[in-house]
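Analysis of the macromolecular model
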Amino acid sequence: MDQPVCAQKSPFKLTLEAGKDYWWCACGRSAKQPFCDGSHKVCGIAPLKFSVPKTADYWLCGCKATAKPPFCDGRHKTL
Ligand code: FES
Ligand code: FES
């Protein structure tokens, strides 16, 4: 299996809706960041399905190195 690639060295700030299913791109190859567009098929890394407890702004990891996916944990600052 290939390694994730960095989509961007900063998080994506998005308003997410409570209870809705989202698919975070874990491989970094999607053209529709930070969400999966199926491009992971070439590398074998699966997207992460997640939802949020309340409608609010969230910071989703763009570098794909976070230890708390799908959320940014600040690790992009070390890349
Ligand atoms: Fe990256 Fe699907 S395109 S996980
Ligand atoms: Fe990946 Fe912040 S964007 S840890």
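Below is a short write-up of the structure. Keep in mind the model is a prediction, meaning the values are calculated, not measured.

Within the protein, the secondary structure is distributed over zero helices and four strands. The C-alpha radius of gyration computed for the protein amounts to 12 Å, which stays within 12% of the reference 12 Å derived for 79 residues, consistent with globular compactness. For the C-alpha atoms alone, the extent of the protein along its principal axes is close to 35 × 30 × 20 Å. Taken over 79 residues, the protein has a buried fraction of 34%.

Next up on the list: the pattern of salt bridges. Under the criterion given, the structure shown has three salt bridges. Lys-13 serves as the salt-bridge partner of Asp-57, at 3.9 Å between the closest nitrogen and oxygen. With Asp-57 in strand β4 (residues 56–60) and Lys-13 in strand β1 (residues 12–16), this residue pair connects regions lying 44 residues apart in the sequence. Given the relative accessible area of 43%, Asp-57 is considered partly exposed. Lys-13 sits in the partly exposed class, given a relative accessible area of 48%.

What counts, and at which threshold
Residues numbered from 1 in each chain as written. Chains lettered and ligands numbered in written order. Predicted model: local features only at pLDDT ≥ 70, side-chain atom pairs only at ≥ 80, totals over all residues. Heavy atoms only, no water. Helix = DSSP H or I, 4+ residues; strand = E, 2+ residues; numbered from the N terminus. Rg over C-alpha atoms; globule rule 2.2 N^0.38 Å. Buried < 20%, exposed > 50% of the residue type's maximum accessible area, 1.4 Å probe, protein only. Salt bridge = Lys/Arg side-chain N within 4 Å of Asp/Glu carboxyl O.

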